[in-house]
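Below are the chains, spelled out letter by letter.
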Amino acid sequence: MIPGSFQYYRPASVTDAVKLLADLGDDARPLAGGHSLIPMMKLRMANPEHLVDLGGIADLKGIRQAGGRIEIGAMTTQAELIASDLLGQAAPIIKETSLLIADPQVRYCGTLGGNVANGDPGNDMPAVMMALDARYHVIGAAGTREIAARSFYQGAYYTALEPGEMVTAISFAPPPAGHGCAYEKLKRKIGDYATAAAAVILTLAGGKVSHCAITLTNVSETPLLAEAAARHVIGSRLEPDVLARAVAAAEAITDPATDGRGPAVYRTKMAGIMVRRALERAAARAAA
Ligand SMILES: Cc1cc2nc3c(=O)[nH]c(=O)nc-3n(C[C@H](O)[C@H](O)[C@H](O)COP(=O)(O)OP(=O)(O)OC[C@H]3O[C@@H](n4cnc5c(N)ncnc54)[C@H](O)[C@@H]3O)c2cc1C
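It should be emphasised that the depicted structure is a prediction, and the values quoted were computed from it without experimental measurement.

This structure, assessed with the given rule, holds 17 salt bridges. A salt bridge links R150 to D133, with the shortest nitrogen-to-oxygen separation between them at 3.6 Å. Here R150 is found in the loop between strand 7 (143-148) and strand 8 (153-155), whereas its partner D133 is found in the loop between helix 8 (125-131) and strand 6 (135-140), with 17 residues between them in sequence. For R150, a relative accessible area of 33% translates into the label partly exposed. Exposure remark for D133: the relative accessible area of 40% places this residue in the partly exposed category.

Okay, here's the thing in structure tokens:
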């Protein structure tokens, strides 16, 4: 319950935050919504000596459209994602997923940037951002760069971020109008991380799947892009044999932990079921 002691900083600009993170080195951590980091600190599983609170930086907030892409500031909360009409129209999977994350109080504080940067395979947004083929906008002492969500996750709590770097925004090209999407999450109760979950974004043309992305949450050390599963369904009308092959391909790439959510073999099967449900629901929502 009691975290170790730390120094607290509240920079007013991204430039100041980057300088602080560079100057303070490995013992400093950005603090966003605090709803993953503070619980870890209370258990003494994280003991940063310096917390750089990003909450005073207005530039890190907001949802905007720029150059055909949608850009979401890293400090945008999950509640703000749910309330956004722009996202509700352009990428409804974000709202659907946000409503399956945690509970209202956590969603008032927890941010998109914190959720994607955390590196916990239990977080739901990384798989959704991979399905959207999003890019993470990153800044550090060496300057800015963009990292594809699909290449960001390297292991549990191990990401492509270099020491001192922080995520400033997440951007993606909205899927075409008329696309179908679904996020199917199996969990034991509200606020639980997924036993298994699947995100699907697809488009139909003449009743056949023309584009499809399938991603998986919490069935490996990282979120997973189920490329082979998507290849099975592209060009199909999601006939039963196609669905069965896609499910098998998705199950084949899982490597879940055995924990209180059940044994690995069960979680693999649940991943398959989530993929099947997500594909069927996304297709039902898509304009034919
Ligand atoms: C009861 C409970 C239930 C939850 N259930 C779920 C759930 O079902 N699904 C789910 O996805 N999440 C769940 N969460 C986690 C919640 O969504 C977190 O808020 C989120 O994972 C982290 O976001 P944050 O803004 O709180 O980040 P913080 O806790 O502040 O930070 C998390 C980590 O990311 C780093 N970080 C934060 N922002 C940045 C940035 N901009 N750049 C670089 N690094 C950064 C921090 O240094 C820290 O290491 C739950 C949390 C609680 C307390």
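Within the secondary structure, T97 sits in helix 5 (residues 92-98). Accessibility expressed as a relative area gives 0% for T97, which makes it buried. When neighbours within four sequence positions are excluded, T97 is seen to be in contact with D124, M125, V128 and Y183.

What follows is about the packing of helix 10 (residues 240-252) against helix 11 (residues 264-285). The N-to-C vectors of helix 10 and helix 11 enclose an angle of 135°; their axes lie 8 Å apart at closest approach. The angle between helix 10 and helix 11 falls in the class oblique. Relative to helix 11, helix 10 is oriented so that their crossing is right-handed. For the pair formed by helix 10 and helix 11, the contact residues are L243, A244, A246, V247, A250 and E251 on the first element and T268, K269, G272, V275, R276, L279 and E280 on the second.

Inspection of the region around the ligand gives 31 residues, with P30, G33, L37, T111 and D124 positioned closest. G33 has a polar backbone atom sitting 2.7 Å from an oxygen atom of the ligand. Residue T111 places a side-chain N or O atom 2.6 Å away from an oxygen atom belonging to the ligand. Among the secondary structure elements, those contributing two or more residues to the shell around the ligand are strand 2 (28-31), helix 7 (112-117) and strand 10 (166-172). Among the residues making up the shell around the ligand, the classes are represented as 15 nonpolar, 12 polar and 4 charged.

Further remarks concern the UniProt feature "domain: FAD-binding PCMH-type" (unreviewed entry) in the protein chain. Here, the residues flagged by UniProt with the feature "domain: FAD-binding PCMH-type" (unreviewed entry) are residues 1-177. Taken end to end, residues 1-177 comprises 31% helix and 25% strand; its first and last C-alpha atoms sit 47 Å apart.

Mapped onto the elements, E251 comes out in helix 10. Once residues lying within four places of it in the same chain are set aside, the contact partners of E251 are T268, K269 and G272.

So, how was this worked out
All chains use their own residue numbering, which begins from 1 and follows the written sequence. This being a predicted model, a pLDDT of at least 70 is required before a residue's local features are given, and a value of 80 or more before pairs of side-chain atoms are given or counted; all residues contribute to the totals for chains, interfaces and linings. With hydrogens and water excluded, all non-hydrogen atoms of the structure serve as input to the side-chain values. What counts as a salt bridge is simple: a side-chain nitrogen of Lys or Arg found within 4 Å of a carboxyl oxygen of Asp or Glu. Here a helix means four or more residues in a row that DSSP labels H or I, a strand means two or more in a row labelled E, and each is numbered from the N terminus. Relative accessibility thresholds used throughout: buried, under 20% of the residue-type maximum; exposed, over 50%; partly exposed, between the two (1.4 Å probe, protein chains only). Here, two residues are considered to be in contact whenever any of their heavy atoms come within 4.5 Å of each other. Whenever a helix is involved, its axis is fitted only over the stretch in contact; in every case the axis is a line through C-alpha atoms, and angles between N-to-C directions fall within 0 to 180 degrees. Roughly parallel covers angles under 35 degrees, roughly antiparallel covers those over 145, roughly perpendicular covers 65 to 115, and oblique covers all other angles. If you view the pair so one helix is near and one far, a crossing is left-handed when the near helix is turned anticlockwise from the far one by less than a right angle, and right-handed when it is turned clockwise. Proximity criterion: a residue is near a molecule or strand once any of its heavy atoms comes within 4 Å of it. Between N or O atoms, a polar contact is any pair within 3.5 Å; within protein, one atom must be a potential hydrogen donor and the other a potential acceptor, and residues adjacent in sequence are included only when both atoms are from side chains. Nonpolar residues are Ala, Val, Leu, Ile, Met, Phe, Trp, Tyr, Cys and Pro. Charged residues are Asp, Glu, Lys and Arg, and all others, Gly as well, are polar. UniProt positions are given in the numbering used here, feature names are shortened, and annotations may be inferred rather than shown by experiment.

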